[in-house]
Each structure stands twice: as C-alpha cells, then as structure tokens.
Amino acid sequence: MLKVENLVVRYGAVVALQGVDLHVDTGEAVSIVGPNGAGKTSLLSTIAGLVKASEGSVTLDGTQLGKTGHAVARSGVSLVPEGRQILAPLTVRQNLEMGGYCRPKAEVKDRIAHMCEIFPVLGDRIDKPGGLLSGGEQQMLAIARGLMAQPRVMMLDEPSMGLAPVIVDHILEALRTVVGQGMTLLLAEQNVSLALDVTDRAYVLVGGQIVASGASDEVGTDLLERYLA
C-alpha cells in the first residue's frame, strides 16, 4: 500500500535520510526502530508532507502522495507526531472533532464514541481541556485524534516517549486493538520490545540508513543487537 523508494532528506548540509527504501502492505503493522537522531521523525514527517524530500518518492497504491500535509491527510495517511501536539486549550471532544475534519459531519459523533470505547478515559474527560490531561492521557488523545479521520495508513512517532511503564502498557493494548481491527500501521519507536510486540515486520534505521529488516518474530534478537551496536 505505502511505498518509499530511495528517499533522501537534507537539512542544509546535513543529510538526515540516505536512500531509504521501505514498504507497508495493506493491513500490515511495521515498525522503524533506531536511536535518537537516526532519522525516524524525518522519515515520518516526509511521508506526511511536512518535510520536503531532496530525492526519491513516496506512493500510496502506486500514486504519488501530495506535497503538503493536508493533501497527504486527505489521501488517507495520518500522523500522530512526536510530543503529541494536542490543542491544549480545546476540550477532548474538540480535539477529536478537529481530527475528523475531513470526514462527513454525520460520522463524527459516532467516531468520537468509538474512540471513547478504545480509550475509556477520554470519555471520562470528554469536556476537559486537553492541556489538563496527564501525559499518558494526552498520548491517548493524540492517537484517537489521528484515528478520527479513519486513515488508510496510521503513522505514530515515539508514542511511548516519556511515559510510565504502566501507561505504555495501556498504549500497547490500544495499538493491538487498532491493529486487530485491520489498521495499516507504521510505528517509529526507540522502545524495541514494544515495537516488535505490536508489529509484523521491522526496519532498523541508523544514521539515516536502513541497516536491517525482517519479520518481528524472527529477527528480534538480531534487530536488538544491531540497535544497541
């Protein structure tokens, strides 16, 4: 479904991505693991249309994705960014409504109800400002906001960052639920065990290059060794 070919991203003289190739099939969950500075955020941001590629292509079902964030979102690719970036003054409900802006208005109420089934705490906080939620609750809100658009591909950037282990377990269970419902998922994570637990395949990104890839349940040890190296 999603295909990245020979992707190169430069920030001035700094090369963030060097000839990255990867693909995500329909209904598949794929992870990108690597240390800080490996290029994970640059990769997802480029796919999402937030960063301009210097070379290469990103296609969805063989069609080149748009060059702007809103065009990519309307194509069916949703990004839950690093740091959550919720709209703090708006309520939980309003944040979710913003996530569903490209859906027919008649669907939005039902989508919000569905998000509250996946993340019950959001239902309890539905009229609270997003900025008053805990870090874990904000991450749940960010994921739910991304799901509101019913994307064809969901991308998450470091969803476990800065969260307590018990909260990470809640996030992991929610991701399993989403994947179990057939969502196509691309997950960027430093937490290797979490990433391999919830995905079918994994890529290791180091220094802007893919250095290893394979099925999560077969190459976990090799991926971990390369990651630590």
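Residues numbered from 1 in each chain as written. Predicted model: local features only at pLDDT ≥ 70, side-chain atom pairs only at ≥ 80, totals over all residues. Heavy atoms only, no water.

### Thoughts on the sheet that holds strand S2 (residues 14-24)
Then step 1. Here we have four strands laid out as an open sheet, ordered S2-S1-S4-S5, and antiparallel in their pairing. On the outer flanks of this sheet lie S2 and strand S5 (63-64), each paired with one strand and no other.
Then step 2. Sheet analysis places strand S1 (residues 2-11) next to S2, joined by seven bridges and oriented antiparallel. Note that in S2 the partner of Val9 across the bridge is Leu17. (Pairing = 2+ DSSP bridges. Helix = DSSP H or I, 4+ residues; strand = E, 2+ residues; numbered from the N terminus.)

### Structural notes on unusual backbone geometry
Then step 1. Even without being glycine, Asp61 reaches a positive phi, approximately 55°.
Then step 2. Structurally, the position occupied by Asp61 is in the loop between strand S4 (55-60) and S5.
Then step 3. Phi is positive for Gln150, close to 50°, though the residue is something other than glycine.
Then step 4. Among the structural elements, Gln150 can be located in the loop between helix H6 (135-147) and strand S7 (153-157).

### Digging into the pairing of strand S10 (residues 209-215)
Then step 1. Here strand S9 (residues 201-206) runs beside S10; their pairing, made up of six bridges, is antiparallel. By the bridge assignment for S10, Val204 is matched with Ala212.
Then step 2. What sits between the antiparallel neighbours S9 and S10 is a turn of two residues, in which Gly207 has the positive phi angle 60°.

### What about the pattern of salt bridges?
Then step 1. In the structure shown here, the tally under the stated rule is ten salt bridges.
Then step 2. For the salt bridge of Arg10 with Glu55, the shortest nitrogen-to-oxygen distance reads 3.3 Å. Of the two residues, Arg10 sits in strand S1 while Glu55 sits in strand S4, which places them 45 residues apart along the sequence.
Then step 3. Here Glu158 and Lys40 are joined by a salt bridge, their closest N and O atoms 3.3 Å apart. In this pair, Glu158 is assigned in the loop between S7 and helix H7 (165-180) and Lys40 in helix H1 (residues 40-47), connecting sequence segments 118 residues apart.
Then step 4. Here Lys40 falls in the buried class, since its relative accessible area comes to 4%.
Then step 5. Taken together, the shared-partner salt bridges connect Glu173, Arg176 and Asp197 into one network. (Salt bridge = Lys/Arg side-chain N within 4 Å of Asp/Glu carboxyl O. Buried < 20%, exposed > 50% of the residue type's maximum accessible area, 1.4 Å probe, protein only.)

### A word on the nonpolar core
Then step 1. Counting 43 residues, the largest nonpolar core has Leu96, Phe119, Leu122, Ile143, Met154 and Leu156 as its most contacted members.
Then step 2. Excluding its chain neighbours within four sequence positions, the residues that come into contact with Leu122 are Val92, Cys116, Leu133, Glu137, Met140, Leu141 and Ala144.
Then step 3. Listed in part, the 29 residues of the second largest apolar core include Val4, Leu7, Val24 and Ala188. (Core = buried A, V, L, I, M, F, W, Y, C linked by side-chain atoms within 4.5 Å. Contact = heavy atoms within 4.5 Å.)

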